[in-house]
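Structural overview for review
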Amino acid sequence: MWFLFLYPLLVGVVMMVSGFFAFLGLLYEDTSFAALFLLVMAVLIGGGSAARSWVARRRGVVVRPWEGAVVSAVALTAATVGVCFQAVAGVAWSWSMPVLWCVGLSVVGETVWARFAGRSWWWLSLVAVLVVAAVGVGAVWWADAVG
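Structure report, in brief.

Cut-offs used in this document
- Residues numbered from 1 in each chain as written.
- Predicted model: local features only at pLDDT ≥ 70, side-chain atom pairs only at ≥ 80, totals over all residues.
- Heavy atoms only, no water.
- Helix = DSSP H or I, 4+ residues; strand = E, 2+ residues; numbered from the N terminus.
- Rg over C-alpha atoms; globule rule 2.2 N^0.38 Å.
- Axes fitted to C-alpha atoms, helices over the stretch in contact; angles between N-to-C directions.
- Parallel < 35°, antiparallel > 145°, perpendicular 65-115°, else oblique.
- Contact = heavy atoms within 4.5 Å.
- Nonpolar A, V, L, I, M, F, W, Y, C, P; charged D, E, K, R; others polar.
- Left-handed = near helix turned anticlockwise from the far one by under 90°.
- Core = buried A, V, L, I, M, F, W, Y, C linked by side-chain atoms within 4.5 Å.
- Buried < 20%, exposed > 50% of the residue type's maximum accessible area, 1.4 Å probe, protein only.

So, about the overall build of the protein chain. Looking only at helices and strands, one finds five helices and zero strands in the protein chain. Seen in sequence order, the protein chain has helices and strands lined up from the N terminus as α-α-α-α-α. At 16 Å, the protein chain has a C-alpha radius of gyration in line with the 15 Å of a compact globule built from 147 residues. In terms of overall dimensions, the protein chain has C-alpha extents of about 50 × 30 × 20 Å along its principal axes.

Remark: helix 3 (residues 66-89) packs on helix 5 (residues 123-146), axes separated minimally by 10 Å, with the N-to-C direction vectors making an angle of 5°. Classified by the angle their axes make, helix 3 and helix 5 are roughly parallel. Where helix 3 approaches helix 5, its residues Val70, Val71, Val74, Ala75, Ala78, Gly82, Phe85, Gln86 and Ala89 are matched on the opposing element by Ser125, Leu126, Val129, Leu130, Ala133, Val137, Val140, Trp141 and Asp144. Classifying every residue of the contact of helix 3 with helix 5 gives 14 nonpolar, three polar and one charged.

For the pair helix 4 (residues 97-115) and helix 5, interaxial distance at closest approach is 8 Å and the crossing angle is 150°. Looking at the two axes, helix 4 sits roughly antiparallel to helix 5. Crossing handedness for the pair helix 4 and helix 5: right-handed. In this structure, helix 4 uses Trp101, Leu105, Val108, Gly109, Val112 and Trp113 to contact helix 5, whose residues at the interface are Leu124, Ser125, Ala128, Val129, Val132, Ala133, Gly136, Val137 and Val140. Broken down by class, the residue content of the contact of helix 4 with helix 5 amounts to 12 nonpolar, three polar and no charged.

Moving on: the nonpolar core. Val11, Met15, Leu76, Trp101, Cys102 and Leu105 are the most contacted members of the largest nonpolar core, which has 22 residues in total. At the level of secondary structure, the elements contributing two or more residues to this core comprise helix 1 (3-27), helix 2 (32-58), helix 3, helix 4 and helix 5. It is helix 3 that provides the largest number of residues to this core, a total of six residues. The contacts of Val11, once residues within four sequence positions are left out, are Met41, Leu44, Leu76 and Cys102.

As a further point, take unusual backbone geometry. Not every positive phi belongs to a glycine, and Glu29 is a case in point at roughly 55°. If you trace the backbone, Glu29 turns up in the loop between helix 1 and helix 2.

Take the environment of Ser49 next. Its place among the elements puts Ser49 in helix 2. When the C-alpha atoms of Ser49 and Val74 are compared, they prove to be 9.8 Å apart, with 25 residues separating the residues in sequence. Ignoring sequence-local partners within four residues, the contact set of Ser49 consists of Tyr7, Ala69, Ser72 and Ala73.

In structure tokens, the structure reads:
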């Protein structure tokens, strides 16, 4: 399933580029690029989730084809929140961090979801994504307090 790894990578790259323009706009007190950043992320996450559900239905996934789409949407939304928190906290970071956030959280969510696929325990993958995201935000918060 190439979509599971290519989609978070694509979202991370788009987040990196659009976030760069949003930060440049905020330097000049222009919030239109930041609003555009949030709109682009909402469209990418929602569109990707809809596309993933559609592909799962076409491939004949009988048992709840929406579960994987929800897991990836939560992972990418948590990545967006983590990157925005990292930018607001003012922690020095490289421009590749959005890609690492998106791919890392998506891989955690998909791995746990694949382990419990077909059972009613799919929510454990959401818990795993949110725990890893909380640890990442806590690390950023700690780096801000120390630095």
